[in-house]
Amino acid sequence: MQLSFEEKLRIILRRRNMSVNDLADALGTSRQNLSNKLSRDNFREQEIIEILEVLNCTYKTTIIFNDTGEEL
């Protein structure tokens, strides 16, 4: 089973000993705004990149053509 971004983010926060409040402060947003996005698991790719930069993580995504195995 694949984890949602929200689930992955909560794991990262625990490993970094950070709260949602800490992350919201580091991002310059409100805790409520970040909590709402987490509950909806509704993040744009640019937001994911910004969040992971604050958490000292790298975001990687790969698109693979299933019929040819070609990667973009």
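None of the values given here were measured: they were computed from a predicted structure.

Chemist: What am I meant to see in the packing of aromatic side chains here?
Modeler: Geometry of an aromatic ring pair is reported as the spacing of the ring centres plus the angle between the planes. Enumeration over the complete set of coordinates arrives at one aromatic pair. When the centroid spacing of 5.1 Å and the interplanar angle of 70 degrees are considered together, the rings of F5 and F43 count as edge-to-face. Here F43 lies in the loop between α3 (31–40) and α4 (45–54) and F5 lies in helix α1 (residues 5–15), a separation of 38 residues in the sequence. We note that F5, like F43, is buried.

Chemist: Before we go on, may I ask you to explain unusual backbone geometry in this structure?
Modeler: Excluding glycine, residues mostly have negative phi values, and the peptide bonds linking residues are mostly trans. For D41, which is not glycine, the phi torsion reads 50 degrees and is therefore positive. Structurally, the position occupied by D41 is in the loop between α3 and α4. Within the chain, N56 stands out as a residue other than glycine whose phi angle is a positive 60 degrees. We classify N56 as exposed; its relative accessible area is 65%.

Chemist: Teacher, can you tell me more about the nonpolar core here?
Modeler: Soluble globular proteins: nonpolar side chains tend toward being buried together. Counting residues in each nonpolar core, the largest one holds 14 residues, and the members touching the most others are F5, L9, L23, L34, F43, I51 and L55. Breaking this core down by element, the ones donating at least two residues are α1, α2 (20–27), α3 and α4. Per-element accounting of this core gives the leading share, four residues, to α1. Those residues in contact with I51, other than ones at most four positions away along the chain, are F5, L9, L23, L27 and F43.

Chemist: Would you explain the confidence of the model for the protein chain in this entry?
Modeler: Segments scoring low in pLDDT should not have their predicted coordinates read at a detailed level. In the predicted model, the protein chain carries a mean pLDDT of 94, and the fraction of residues at 70 or more is 100%. Considering each helix and strand of the protein chain separately, the mean pLDDT is smallest for α3, with a value of 94, and largest for α2, with 97.

Procedures and definitions
- Residues numbered from 1 in each chain as written.
- Predicted model: local features only at pLDDT ≥ 70, side-chain atom pairs only at ≥ 80, totals over all residues.
- Heavy atoms only, no water.
- Phe/Tyr/Trp six-rings, centres within 6.5 Å; stacked < 30°, edge-to-face > 60°.
- Helix = DSSP H or I, 4+ residues; strand = E, 2+ residues; numbered from the N terminus.
- Buried < 20%, exposed > 50% of the residue type's maximum accessible area, 1.4 Å probe, protein only.
- Core = buried A, V, L, I, M, F, W, Y, C linked by side-chain atoms within 4.5 Å.
- Contact = heavy atoms within 4.5 Å.
- pLDDT = per-residue confidence, 0-100.

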